[in-house]
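Chain residues, written in single-letter form:
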Amino acid sequence: MNGSPEQYEPIDWSRLWHLQLPPKVRVFVWRWGSNILPTGGNLAKRIPEVSDECPFCGLVETQEHITRDCDWAGRIWRPSYLNKLFSMGEDQNCVSWICELLDQAKDEEICEFLITVWFIWKERNNHQFNNRKLEEWEVVERAQLYLEEYRRAQDRDLQPARSNRRYKWEKPTMGYKANVDASVLKNGGTGVGMVVRDKERKFVMAVVRRTRVTWQPEIAEA
Ligand SMILES: [Zn+2]
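This write-up is about the structure you can find in this document. Counting restarts for each chain: residues are numbered from 1 in the order of the written sequence. The predicted origin of the model limits local features to residues at a pLDDT of at least 70 and limits the giving and counting of side-chain atom pairs to 80 or more, whereas totals for whole chains, interfaces and linings rest on all residues.

## Some thoughts on helix 8 (residues 107–130)
Phase 1 of the analysis: Secondary structure counts use DSSP, requiring at least four H or I residues in a row for a helix and at least two E residues in a row for a strand, with both numbered from the N terminus. In this analysis, the expected span of each helix is defined as 1.5 Å times one less than the number of residues it contains. Its 24 residues place the ends of helix 8 33 Å apart at the C-alpha level, agreeing with the 34 Å of an ideal helix rising 1.5 Å per residue.
Phase 2 of the analysis: Looking at helix 8, one finds that the buried residues are Ile110, Glu112, Phe113, Leu114, Ile115, Thr116, Val117, Trp118, Phe119, Ile120, Glu123 and Arg124.
Phase 3 of the analysis: At the exit of helix 8 stands Asn131, carrying a positive phi of roughly 55 degrees. Buried, partly exposed and exposed are defined by the number of other C-beta atoms within 10 Å of a residue's own C-beta, namely 20 or more, between the two limits, and 12 or fewer respectively, with C-beta atoms placed from the backbone.

Spelled out as structure tokens, the structure:
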């Protein structure tokens, strides 16, 4: 790919949608890849009285400028190991930059990269509208922490709801006693099991069913 803005492939959105990213980050990436972020440059094309200046340096704020070419953005990228992905984008527009990333980078790297771009945009907004400014290293650190936390939450959701559960036995006064348990399965759906014992605690029967419905762990446990 030679980086000419007029010659780029369409983005493979289906690949992006399969990355382990929070939905709001995917929506942001879609807006970024569609060049519809409300940068100064994009707004000034539609509303002439709006300034097209970058809030950090005063140059024209295109999407490429605020996420890559501005000195402020460069200071965020350069110390990071993601610098190699940042370098891929030199002289390219956002679309060809994303296409090249999808071609050459690993999924994990792409996720970290896109989360960092999102944080750069959030920090730009904080600076412009809330007059807050993080140190550059803090932007990278917060982006990484956010992604780690998101992945941990995802992993928790994929664990069985009660991996160490033991049936609690209460002796029935007469007849039979059934214990029912449910757990969220790793590959989706909910497993429901029932064990029936008689009043002497002797095993009578067991039933296991798998449902297609995925309940939240707290519902499955209830
Ligand atoms: Zn700038």
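So that's the structure; there's more coming.
## Quick look at the packing of helix 8 against helix 9 (residues 136–158)
If you want to describe how two helices pack, look at the angle between their axes and the distance between the axes.
Phase 1 of the analysis: Between helix 8 and helix 9, the least distance of the axes is 9 Å, while the angle of their chain directions is 125 degrees. With respect to their mutual orientation, helix 8 and helix 9 come out oblique. Judged by the sense of rotation from one axis to the other, the crossing of helix 8 with helix 9 is right-handed. Of the residues in helix 9, those in contact with Cys111, Glu112, Ile115, Thr116, Phe119, Ile120 and Glu123 of helix 8 are Val139, Val140, Arg142, Ala143, Gln144, Tyr146 and Leu147.
Phase 2 of the analysis: Class assignment for the residues of the contact of helix 8 with helix 9 results in nine nonpolar, two polar and three charged. Structural elements are reduced to axes, namely lines fitted to C-alpha atoms, with helices fitted over the stretch in contact, and the angle between N-to-C directions of any two is expressed from 0 to 180 degrees. Reported orientations rely on four angle classes, namely roughly parallel under 35 degrees, roughly antiparallel over 145, roughly perpendicular from 65 to 115, and oblique for the rest. Put simply, a crossing is left-handed when the front helix is turned counterclockwise from the back one by less than a right angle, and right-handed when it is turned clockwise. Contact between two residues is assigned whenever their backbone-derived C-beta positions fall within 7 Å. Residues are grouped as follows: Ala, Val, Leu, Ile, Met, Phe, Trp, Tyr, Cys and Pro are nonpolar; Asp, Glu, Lys and Arg are charged; every other residue, Gly included, is polar.

## Quick notes on the environment of His127
Phase 1 of the analysis: Mapped onto the elements, His127 comes out in helix 8.
Phase 2 of the analysis: Spatially, the C-alpha atoms of His127 and Pro55 are 7.6 Å apart, while their sequence positions differ by 72 residues.
Phase 3 of the analysis: Discounting residues that sit within four places of it in the chain, His127 has contacts with Pro55, Arg132 and Lys133.

## Some thoughts on the packing of helix 2 (residues 23–33) against helix 8
Phase 1 of the analysis: Relative orientation of the contacting elements helix 2 and helix 8 amounts to 80 degrees, with a least axis distance of 10 Å. Taken together, helix 2 and helix 8 sit at an angle that is classed as roughly perpendicular. Contacts from Val25, Phe28, Val29 and Trp32 of helix 2 reach helix 8 at Leu114, Ile115, Val117, Trp118 and Trp121.
Phase 2 of the analysis: A class-by-class count of the residues in the contact of helix 2 with helix 8 yields nine nonpolar, no polar and no charged.

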